[in-house]
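Descriptive structure summary
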Amino acid sequence: MKIAFATDDGNRVNAHFGQSPMFAVYNVTKAGAELIELRKLPAVLNQDEAGKIDSRLEAVGDCTLIFIMQIGASAAARVTRRKIMPVKVPPGSPIDEQLKRLVEMLQGKPPMWLAKVLRAEEENGSEGGDADGTHG
């Protein structure tokens, strides 16, 4: 599954969803995690809140989980409507530590919230590789 991390340096979860300058996107399986890409968002002057949320939703639309420091209520609602689960972690959490914990959860008995996400991903038929533009 693809996981995004709101970051400004590619190493730590240190950004608010609506202000994140980029997302580090990883492919995570029971075998481990691999960086797919750093998705940088273009700086748009005077962009309103809805525009900020839209551009970030576009950047992480193919991800299952998004790790963030903070997320506003309206953004959280829009993220979950796209079948992406926001995961709040302490500011400055190292991405590699979050990945390690996630892989360990996948290898063992995943907690309820993760098991639910994995079931939903299976039901959406993700065995065919990447399906572009998937909406719920």
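In the block above lies the structure referred to throughout.
Quick look at the structure, then. (Residues numbered from 1 in each chain as written. Predicted model: local features only at pLDDT ≥ 70, side-chain atom pairs only at ≥ 80, totals over all residues. Heavy atoms only, no water.)

1. Concerning the overall build of the protein
Scanning the protein for helices and strands turns up 4 helices and 7 strands. Order of helices (α) and strands (β) in the protein, N terminus to C terminus: β-β-β-β-α-β-α-β-β-α-α. The C-alpha radius of gyration computed for the protein amounts to 14 Å, which stays within 12% of the reference 14 Å derived for 136 residues, consistent with globular compactness. Once the C-alpha set of the protein is aligned to its principal axes, its extents read approximately 45 × 30 × 25 Å. (Helix = DSSP H or I, 4+ residues; strand = E, 2+ residues; numbered from the N terminus. Rg over C-alpha atoms; globule rule 2.2 N^0.38 Å.)

2. Considerations on helix H4 (residues 112–123)
Under the 1.5 Å per step criterion, the end-to-end length of H4 is 16 Å for 12 residues, consistent within 8% with the ideal 16 Å. Taken together, the buried positions of H4 are occupied by Leu 114, Val 117 and Glu 121. Down the axis of H4, the buried set is contained in an arc of 60 degrees. They therefore lie on one face. Seen from the open side of H4, the exposed residues pointing more than 90 degrees away from its buried face are Met 112, Lys 116, Glu 122 and Glu 123. The elements touched by buried residues of H4 are strand E5 (65–68), strand E6 (85–88) and helix H3 (95–107). (Expected span 1.5 Å × (residues − 1). Buried < 20%, exposed > 50% of the residue type's maximum accessible area, 1.4 Å probe, protein only. Arc of directions from axis to C-beta. Contact = heavy atoms within 4.5 Å.)

3. Examining the side chain of Lys 2
Relative to the assigned elements, Lys 2 resides in strand E1 (residues 2–7). Of the polar contacts made by the side chain of Lys 2, one reaches the side chain of Asp 62; its length is 2.8 Å. (Polar contact = N/O pair within 3.5 Å; in protein donor to acceptor, adjacent residues only side chain to side chain.)

4. Thoughts on the pairing of strand E3 (residues 22–29)
Counting buried residues in E3 gives 6 out of 8 residues, a clear majority hidden from the surface. Across 6 bridges, the pairing between E1 and E3 is antiparallel. By the bridge assignment for E3, Lys 2 is matched with Asn 27. Sheet analysis places E3 next to strand E4 (residues 32–40), joined by 8 bridges and oriented antiparallel. The residue bridging Val 28 from the neighbouring strand is Ala 33, located in E4. Linkage of E3 to E4, two consecutive antiparallel strands, is achieved through a turn of 2 residues. (Pairing = 2+ DSSP bridges.)

5. A few points about the sheet that holds E4
Strand pairing in a sheet relies on backbone hydrogen bonds, with the paired strands running either antiparallel or parallel. Pairing within the open sheet is mixed, and its 5 strands lie in the order E4-E3-E1-E5-E6. This sheet does not close on itself; its edge strands, each paired only once, are E4 and E6. Strand-to-strand twist across the sheet, computed as the mean angle between neighbouring axes with direction ignored, equals 25 degrees. Sitting on the sheet, helix H1 (residues 49–60) is in contact with E1, E3, E4 and E5, with an inclination near 30 degrees to E3. The sheet contacts of H3 involve E1, E3, E4 and E5, and relative to E3 the element is tilted by about 25 degrees. (Axes fitted to C-alpha atoms, helices over the stretch in contact; angles between N-to-C directions.)

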